[in-house]
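One letter stands for each residue in the lines below.
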Amino acid sequence: MDICLFTINDQILFFEYYKNNVPTFTIFPKLSKPIKFLRLIVQKFLPSKNHWFYTKQFKNVGKNFSTLILFDSPLTVPAANYIKKRYPQLRVIYWFWNHISNPNILCQLQPNIEKWSYDPEDCKQYELKYNHQFYFPEIVNNTPDEAETYDCIFVGADKGRKEIINSTQKLLSDLGQKTFFLIADSSKVRTNKHRLPYKEVASLVKQSKCIVDILPPHQKGMSLRPLEALYFGKKLITNWKEIKDTPLYDKRTVYILDVNTTNHLSEFLLERQEHNLAKYNENIKRYSFQDWLLNFQTSI
């Protein structure tokens, strides 16, 4: 099957070098600030003309591919509808890589567009198809080796979880752990404050012994952090209680906040990192990009 991926722009293509020869493009080209402003005006007052700003690769995708996967964003909804109308025979998969906070987005998508999500609760509530979170072993291989400078790290946007992130950092610091916590701004007026390129995030993961994973309220889908911990061979502290029902859970490598006691946390942090090698290798394959892609292909 000829399949390709499209995202809004290259800023979120953290995986662009690891996509295993799957063609990956952007919907919008790099635009100057005046043109971006013009695009916003058109989006608001002339939404039927959004295609003026699409790349040639996106406009012509139906000529070269049979299946298109679009990553979710307010800007990709009209793009999905446009391309399905332009190429009715094109299989268009709309992939929700984020928790659905506004279900109206589902009504805006054409019915003949396939809707998939990484969040089991969203799939159940909105009758979407499920596919797992994914990661790339190549990211680990291509990240330079670093000494373990930190005991515990967290890098992520606020998303309404700042209070619990800060309290978790204090808990760990009080236990004598050397922490690195970076909370990026996630206001409606998006800024680059405290935002890092993903290669720098991967470098910080290599410098740590343990990754902290704090999910925003209502999110039930797996974030990337459990997979970062898996692929980089790090411990994980998480408030994602559902991890206990996944193949990733191992009490030697995963600590669930609000389930265990603080004393258990101290013991967990002091214990030597160990893996069940067979289970570890199986999970590496299970949560790979190739397996994620295969799930779309076998669902036809």
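Report on the accompanying structure. All values derive from a computational prediction rather than experimental measurement.

Rules used throughout
Residues numbered from 1 in each chain as written. Predicted model: local features only at pLDDT ≥ 70, side-chain atom pairs only at ≥ 80, totals over all residues. Heavy atoms only, no water. Buried < 20%, exposed > 50% of the residue type's maximum accessible area, 1.4 Å probe, protein only. Helix = DSSP H or I, 4+ residues; strand = E, 2+ residues; numbered from the N terminus. Contact = heavy atoms within 4.5 Å. Core = buried A, V, L, I, M, F, W, Y, C linked by side-chain atoms within 4.5 Å. Phe/Tyr/Trp six-rings, centres within 6.5 Å; stacked < 30°, edge-to-face > 60°. Pairing = 2+ DSSP bridges. Axes fitted to C-alpha atoms, helices over the stretch in contact; angles between N-to-C directions. Polar contact = N/O pair within 3.5 Å; in protein donor to acceptor, adjacent residues only side chain to side chain. Patch = residues over 30% accessible without salt bridge, like charges linked within 9 Å, V, L, I, M, F, W, Y side chains within 5 Å. Areas by Shrake-Rupley, 256 points an atom, 1.4 Å probe, with all protein chains shown as cover. Salt bridge = Lys/Arg side-chain N within 4 Å of Asp/Glu carboxyl O. 1 Å grid on protein atoms, 1.4 Å probe; cavity = no way out; pocket = protein on both sides within 12 Å on 5 of 7 lines; lining within 4 Å. Points joined across faces, edges and corners; volume = space filled by probe spheres on them. Nonpolar A, V, L, I, M, F, W, Y, C, P; charged D, E, K, R; others polar.

It is worth spelling out helix H4 (residues 76-86) at this point. Where burial is concerned, most of H4 is hidden: 8 out of the 11 residues are buried. Within the span of H4, buried status applies to Thr76, Val77, Ala79, Ala80, Asn81, Tyr82, Ile83 and Lys84. Among the structural elements, helix H2 (56-59), helix H3 (61-64), strand E3 (67-71), strand E4 (91-96) and helix H5 (104-108) are those in contact with the buried residues of H4.

What follows covers the nonpolar core. With 46 residues, the main nonpolar core has Ile69, Trp95 and Trp292 as its most contacted residues. Filtering out sequence-adjacent residues up to four positions away, Trp292 remains in contact with Leu5, Ile69, Phe71, Trp95, Asn131, His132 and Phe134. With 31 residues, the next largest nonpolar core counts Val42, Phe58, Leu75 and Ile105 among its residues.

Before going further, it helps to examine the packing of aromatic side chains. Following the criterion strictly, the structure yields 23 aromatic pairs and no others. With a centroid separation of 5.2 Å and an interplanar angle of 35°, the aromatic rings of Phe6 and Phe25 are classed as tilted. Linking Phe6 in strand E1 (residues 3-7) with Phe25 in strand E2 (residues 24-26), this pair joins segments that are 19 residues apart in sequence. According to the relative accessible area criterion, Phe6 is buried, its value standing at 0%. Ring-pair connections join several aromatic residues into one group, and the members of that group are Phe71, Trp95, Trp97, Trp116, Phe134, Phe136, Phe289, Trp292 and Phe296.

If you walk across this open sheet you meet the 6 strands as E2-E1-E3-E4-E5-E6, and the pairing is parallel. Each edge of the open sheet carries a strand with a single partner, namely E2 and strand E6 (129-130). Pairing analysis gives 3 bridges linking E1 to E2, with the strands arranged parallel. Directly across from Thr7, in E2, lies its bridge partner Thr26. The sheet strands contacting helix H13 (residues 289-297) are E1, E3, E4 and strand E5 (114-117), and the helix crosses E4 at an angle near 130°.

Looking at the secondary structure, you find Arg225 in helix H10 (residues 225-232). Given a relative accessible area of 13%, Arg225 falls into the buried group. Looking at Arg225, its side chain comes within polar contact range of the main-chain oxygen of Val155, at 2.9 Å. Not counting residues up to four positions away in its chain, the partners in contact with Arg225 are Phe154, Val155, Gly156, Arg161, Ile211, Val212, Asp213 and Leu236.

Moving on, we come to a nonpolar patch on the surface. On the surface, Ile35, Phe37, Leu38, Ile41, Phe45, Leu46 and Trp52 cluster together into a nonpolar patch covering about 720 Å² of accessible area. With respect to the element layout, Leu46 can be found in the loop between helix H1 (33-45) and H2. For Leu46, a relative accessible area of 44% translates into the label partly exposed.

A word on the sheet that holds strand E11 (residues 254-256). An order of E8-E7-E9-E10-E11 is seen for the 5 strands of this open sheet, with the pairing classed as parallel. Edge strands, defined here as strands with exactly one partner in the open sheet, are strand E8 (179-184) and E11. Within the sheet, the average angular offset between the axes of one strand and its neighbour, ignoring direction, is 20°. Of the strand pairs in this sheet, strand E7 (residues 150-157) and E8 are connected by 6 bridges, and their pairing is parallel. Within E8, the residue paired with Cys152 across the bridge is Thr179. Where helix H9 (residues 198-206) meets the sheet, its contacts fall on E7, E8 and strand E9 (208-213), and the angle it forms with E7 comes to roughly 155°. Packing of helix H11 (residues 262-270) onto the sheet brings it into contact with E7, E9, strand E10 (235-238) and E11, and relative to E10 it is tilted by some 160°.

It is worth spelling out empty space enclosed by the protein at this point. Sizing a probe to match a water molecule and rolling it over the atoms shows the empty space that remains. In total, this model carries 2 cavities of 30 Å³ or more according to the counting rule given. Taken as a whole, the largest cavity encloses approximately 200 Å³ of empty space. In this structure, the largest cavity is lined by 17 residues; those nearest its centre are Leu230, Leu248, Asp250, Thr253 and His275. Broken down by secondary-structure element, the contributors of at least two residues to the lining of the largest cavity are H10 and helix H12 (277-286). Of the residues belonging to the lining of the largest cavity, the class tally is 9 nonpolar, 4 polar and 4 charged. Each pocket or cavity is described by its volume, and for the second largest cavity that value is around 40 Å³. Every residue along the wall of the second largest cavity is listed here: Phe28, Arg39, Gln43, Asn50, Tyr54, Leu75 and Pro78. Of the residues belonging to the lining of the second largest cavity, the class tally is 4 nonpolar, 2 polar and 1 charged.

Turning our eyes to something else, we now look at the pattern of salt bridges. Overall, the coordinates contain 10 salt bridges when judged by the stated rule. The partner of Glu242 in a salt bridge is Lys220, with the nearest N and O atoms 3.5 Å apart. Remark: Lys220 occurs in the loop between E9 and H10 and Glu242 occurs in the loop between E10 and E11; sequence separation between them is 22 residues. Given the relative accessible area of 28%, Glu242 is considered partly exposed. Between Arg286 and Glu282 there is a salt bridge, with the nearest N and O atoms lying 2.8 Å from each other. Here Glu282 and Arg286 lie together in helix H12, a separation of 4 residues that amounts to about one turn. The exposure class assigned to Arg286 is partly exposed, which follows from its relative accessible area of 33%.

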